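# Topology and contacts: notes
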Amino acid sequence: MCPDDTHRSPGDSMARRKKVYEGKAKILYEGPEPGTLVQYFKDDATAFNAQKKDVVDGKGVLNNRLSEFFMTGLNAIGVPTHFIRRLNMREQLIRQVEIIPLEVVVRNVAAGSLSTRLGIEEGTPLPRPIIEFCYKDDKLGDPLVSEEHILAFGWASQQDLDDIIALSLRVNDFLSGCMLAVGIKLVDFKIEVGRIWDNDYQRLILADEISPDSCRLWDIETGKKLDKDVFRRDLGSLADAYTEVARRLGVLPANSGPVTRPTLIN
Ligand code: UDP
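Keep in mind that this is a model prediction, so the values were computed, not measured. (Residues numbered from 1 in each chain as written. Predicted model: local features only at pLDDT ≥ 70, side-chain atom pairs only at ≥ 80, totals over all residues. Heavy atoms only, no water.)

### Concerning the environment of D44
Spelled out, the test is: Each helix is a run of H or I in the DSSP string that is no shorter than four residues. Each strand is a run of E no shorter than two, and both are numbered from the N terminus. Burial here depends on accessible area, computed with a 1.4 Å probe over protein chains only, as a share of the maximum for the residue type. Under 20% is buried, over 50% is exposed, and the range in between is partly exposed. By the convention used here, residues are in contact when the closest approach between their heavy atoms is within 4.5 Å.
Examined against the element boundaries, D44 turns out to sit in strand 4 (residues 44-47). Judged by relative accessible area, D44 falls into the partly exposed class, the value being 29%. On a C-alpha basis, the gap between D44 and D57 in space is 8.5 Å, while along the polypeptide they are 13 residues apart. With residues near it in sequence (within four places) discarded, D44 still touches K24, A25, D54, V55 and K59.

Laid out in structure tokens, this is it:
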């Protein structure tokens, strides 16, 4: 086996496992037990619905660690998530869920598509957190939808929506606090929610990932972007930005080298 598995392609480690789904940044494989999956984080970076693409060395390793950090913290405060445990540098064991076909965006500060759509200058604080729903369909470019659409087309029930909103606001409070403690402003983020069944009883849990790929993170002092906008807007090294977030949160040792070195094996 390669001593530094950051360079190992998914096929090498996964030859025995069945691929269940491949997305832009992650691959899901069958898990070791029924009801589980293995989530593999790729180095692929995409933006603008995959019109812009690159490979960012070490991104998958960082996102695996960061998502573990946030999901573990959320589990600890009673926010249910799909995360079970990290398996290695690029993989984590998760609960299998039925994904609700919505991207749930929570915003604290105007940026990105909200600024474009409503003509609100980027950086304007919002009067309260605003939750938006997009229908998860790459072919359609994940269009913004209203609760009316969601209910009429049966993507989620009113009870589901109430639960999703409550969950999203708890995630927002938790992440905002984590970031504030290390001098970072949580501008906005996207989550996905999944349904699980315990016998006849169903409930919703946080799924997918939480990482700088799906958040906007600005340094409080300088305003420097520490998220995927660095890639979207060609603002420098994406790996450096994510490494900075990981170091500040204590996920990486402060003096560690680049993530492609085997410092992250455990
Ligand atoms: N986002 C995401 N995946 C998407 C679309 C958005 O993770 O497919 C995140 C994005 O990183 C940002 C937030 O959701 O943190 C709000 O994104 P926005 O609607 O402003 O879209 P964008 O400007 O990224 O196209």
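### As for the side chain of R195
Which entries qualify depends on this criterion: Under the rule applied, a polar contact is a pair of N or O atoms within 3.5 Å (in protein, one hydrogen donor and one hydrogen acceptor; residues adjacent in sequence only if both atoms are side-chain atoms).
Looking at the secondary structure, you find R195 in strand 12 (residues 184-198). Among the polar contacts listed, one links the side chain of R195 to the side chain of D160, at a separation of 3.0 Å. In this structure R195 touches V97, E98, I100, W155, D160, Q202, R203 and L204, once residues within four positions along its chain are discounted.

### Regarding helix 2 (residues 59-76)
What counts here: Every helix has an expected span of 1.5 Å times one less than the residues it contains.
Over its 18 residues, helix 2 runs 26 Å from end to end, which matches the ideal 26 Å to within 8%, given 1.5 Å per residue. The buried fraction of helix 2 is high, at 14 of 18 residues. Backbone geometry just downstream of helix 2 places G78 in the positive-phi region, at approximately 90°.

### Structural notes on unusual backbone geometry
At F48, a position not held by glycine, the phi torsion is positive, near 50°. Position of F48 relative to the elements: it lies in the loop between strand 4 and strand 5 (52-55). Note on F48: relative accessible area 47%, which makes it partly exposed. One non-glycine residue, N199, adopts positive backbone phi at about 55°. Following the sequence through the fold, N199 ends up in the loop between strand 12 and strand 13 (201-207). For N199, a relative accessible area of 77% puts it in the exposed group.

Just geometry here; none of it tells us what the structure is for.
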